[in-house]
Amino acid sequence: MNLCIIGTGYVGLVTGTIFSHLGYNVVCVDRDAKKIDGLKQGVMPIYEEGLKELVDANVAAGRLTFSIDLVSSVRESDIVFICVGTPPGKDGAPEMKYVRAVAEEIAQGLNDYKIVVNKSTVPVGTGELVRSIIQENLTQPVAFDVVSNPEFLREGTAIYDTLNPDRVVIGAVNREVGEKVASLYQTLTDTVQITDIASAELIKYASNSFLATKISFMNAVSALCELTGADVEQVREGVGQDKRIGSAFLNAGLGFGGSCFPKDCLGLLHTAKRYDYDFHLMDSVLRVNEEQPLRFLARLREVLGGFEGKRIGVWGLAFKPNTDDIRDGKAFEIMAALIKEGAEVLAYDPIAIDNSRKEQPAATYVDTALDACKDVDALILVTEWREFKEADFEEVRKSMRLPVLFDGRNIFNPKEMRDKGFLYYSIGRADA
Ligand SMILES: NC(=O)c1ccc[n+]([C@@H]2O[C@H](COP(=O)([O-])OP(=O)(O)OC[C@H]3O[C@@H](n4cnc5c(N)ncnc54)[C@H](O)[C@@H]3O)[C@@H](O)[C@H]2O)c1
């Protein structure tokens, strides 16, 4: 079976690589010639643990190739996957121009029956949109089907997630078409849900928005903990032990970022508006998420007596550990506020520094975690990389001008940090 994957980002490159690992012939297509040239030479455009080794092995086995030629790649394939970005547009609605452009081009490559699978996260109705764009742009009269197959991988564990999916969701016009796509996953899981296209499209938004809701709920509880003297970590444990709730996604912190949760909450809200439903729950989820770093900054401002002339270290720029993705990362909101109010920012991340320089050129990027502590008035932990958990805090404290540590992810034990001489602040737990 020949597969064509369009878009070699976090989703497309990982999906294509895993399909080739499963034995299919895969061509990964991107319009970014630099990315494709790099991939042909073994240079990964993204950081994902284990990806390079798998890409190299499958390229060597002759099952994985890269191309900028979408039309001829489609021509030689049986199933075509759309994996391009759908970032939020100005009004919060997902930007559909990449999906539209790809659908137009796919039409030109349709020389016999093929299935076009949409893996990008897209609003309800996109299956029909893609079908009609392809239909209007066909260069010869051929049959085709459009399927929705939303992706649930997490950056940082994308290879593992793709090899071990909780479930595969396939939205198709009929069972036969759904089962053809389902057969691609047969060695990975028995949990395949075949639905209509609209339900599959909505399952993705509902899943991400629900996870974001859990996070915002716990962050709102953390605000209440700070006011009442309760400890959010103890509350989290007690709440999470209820099997009906579950312990995942209950960590209080600076809020959710990344290229998916904020965008998908906005996308769900936008769909609701289109159908005149007031989904005000999602408004609140996003509002709590915006307030969380502001409350954190307010406490830091109070402790330092303002940011003017202060030197502040930031640990972690990626939106979460084990990725180089900085899209919608909380570090950038925090650094922008500090810099605007006159602070000098020393920033460090194990992987995401190159991406960060373009996003916030006014920060000083340093080479080691310890360099970000040199003569600082405070250190802020934004991303919970393992390197930070294992840091030598004796050295860290000695490097700092003032031993003020703000932990935005509650990864340290408050008592231990105080015993090490820090003025330690975290989220929803008793202050120093
Ligand atoms: N990143 C995640 O963790 C994740 C998880 C699940 C679902 N998703 C969804 O999957 C989709 C892709 O996300 P991503 O993070 O992989 O995006 P990305 O930005 O990393 O990659 C998208 C790629 O598509 C390419 N592209 C754009 N237009 C093209 C065109 N006309 N022809 C060929 N290539 C084109 C871009 O050059 C880019 O390389 C989005 O809808 C996203 O919401 C992402």
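If you're wondering where the values come from, they're calculated on a predicted model, not measured in any experiment.

Reading guide: rules and limits
- Residues numbered from 1 in each chain as written.
- Predicted model: local features only at pLDDT ≥ 70, side-chain atom pairs only at ≥ 80, totals over all residues.
- Heavy atoms only, no water.
- Phe/Tyr/Trp six-rings, centres within 6.5 Å; stacked < 30°, edge-to-face > 60°.
- Helix = DSSP H or I, 4+ residues; strand = E, 2+ residues; numbered from the N terminus.
- Buried < 20%, exposed > 50% of the residue type's maximum accessible area, 1.4 Å probe, protein only.
- Polar contact = N/O pair within 3.5 Å; in protein donor to acceptor, adjacent residues only side chain to side chain.
- Contact = heavy atoms within 4.5 Å.
- 1 Å grid on protein atoms, 1.4 Å probe; cavity = no way out; pocket = protein on both sides within 12 Å on 5 of 7 lines; lining within 4 Å.
- Points joined across faces, edges and corners; volume = space filled by probe spheres on them.
- Nonpolar A, V, L, I, M, F, W, Y, C, P; charged D, E, K, R; others polar.
- Domains from an automatic or database assignment.
- Buried area = accessible area lost by both parts, 1.4 Å probe.
- Salt bridge = Lys/Arg side-chain N within 4 Å of Asp/Glu carboxyl O.
- Near = heavy atom within 4 Å.
- Areas by Shrake-Rupley, 256 points an atom, 1.4 Å probe, with all protein chains shown as cover.

Asker: Please provide a residue-by-residue account of the packing of aromatic side chains, values included.
Answerer: In total, this model carries 13 aromatic pairs according to the counting rule given. With centroids separated by 5.0 Å and ring planes inclined at 75°, the aromatic side chains of Phe393 and Phe412 adopt a geometry described as edge-to-face. Remark: Phe412 occurs in the loop between β13 (404-407) and α17 (414-419) and Phe393 occurs in helix α16 (residues 393-399); sequence separation between them is 19 residues. Overall, Phe393 belongs to the buried group, its relative accessible area being 4%. Take Phe412: its relative accessible area is 6%, and that puts it in the buried class.

Asker: So what about the side chain of Gln292? Which residues, and what values?
Answerer: In this structure, Gln292 sits in helix α12 (residues 280-304). With a relative accessible area of 3%, Gln292 lands in the buried category. In terms of polar contacts, Gln292 uses its side chain to reach the side chain of Ser222, at 3.1 Å. Setting aside its immediate chain neighbours within four residues, Gln292 contacts Asn219, Ser222, Gly253, Leu254, Gly255 and Ile427.

Asker: Please provide a residue-by-residue account of the layout of surface pockets, values included.
Answerer: Reported here for the second largest pocket is a volume of approximately 200 Å³. What lines the second largest pocket is simply Pro88, Phe256, Gly257, Pro262, Lys263, Leu266, Leu286, Asn289, Glu290, Asp328, Lys330 and Glu333. Those elements that provide at least two residues to the lining of the second largest pocket are α11 (261-274), α12 and α13 (330-340). Residue composition of the lining of the second largest pocket, by class: 5 nonpolar, 2 polar and 5 charged.

Asker: Kindly report on the domain arrangement of the protein, identifying the contributing residues and their values.
Answerer: Assigned domains within the protein: domain 1 (2-195) and domain 2 (230-432). For domain 1 versus domain 2, the separation of C-alpha centres amounts to 33 Å. Taken together, the contact pairs 17 residues of domain 1 with 17 residues of domain 2. For the pair domain 1 and domain 2, the summed buried area comes to about 1300 Å², and 53% of that belongs to carbon and sulfur atoms. Among the residues of domain 1 in contact with domain 2, Tyr10, Tyr47 and Glu155 are the three that bury the most area, contributing 39% of the side total. At the surface where domain 1 touches domain 2, the tally comes to 1 salt bridge. In this structure, Glu155 engages Arg327 in a salt bridge whose closest nitrogen and oxygen atoms are separated by 3.8 Å. Where domain 1 packs against domain 2, one counts 7 residue pairs in polar contact (both at pLDDT 80 or more).

Asker: Please provide a residue-by-residue account of the site of the ligand, values included.
Answerer: In the vicinity of the ligand, 25 residues are found, and the nearest of them are Asp30, Lys35, Thr86, Glu155 and Lys263. Note that an oxygen atom of the ligand is positioned 2.8 Å from one of the backbone N or O atoms of Val11. Between Asp30 and the ligand, the recorded distance is 2.5 Å, taken from a side-chain N or O atom to an oxygen atom. Summarising the interface, the protein chains cover 91% of the accessible area of the ligand, which totals 840 Å² for the free molecule.

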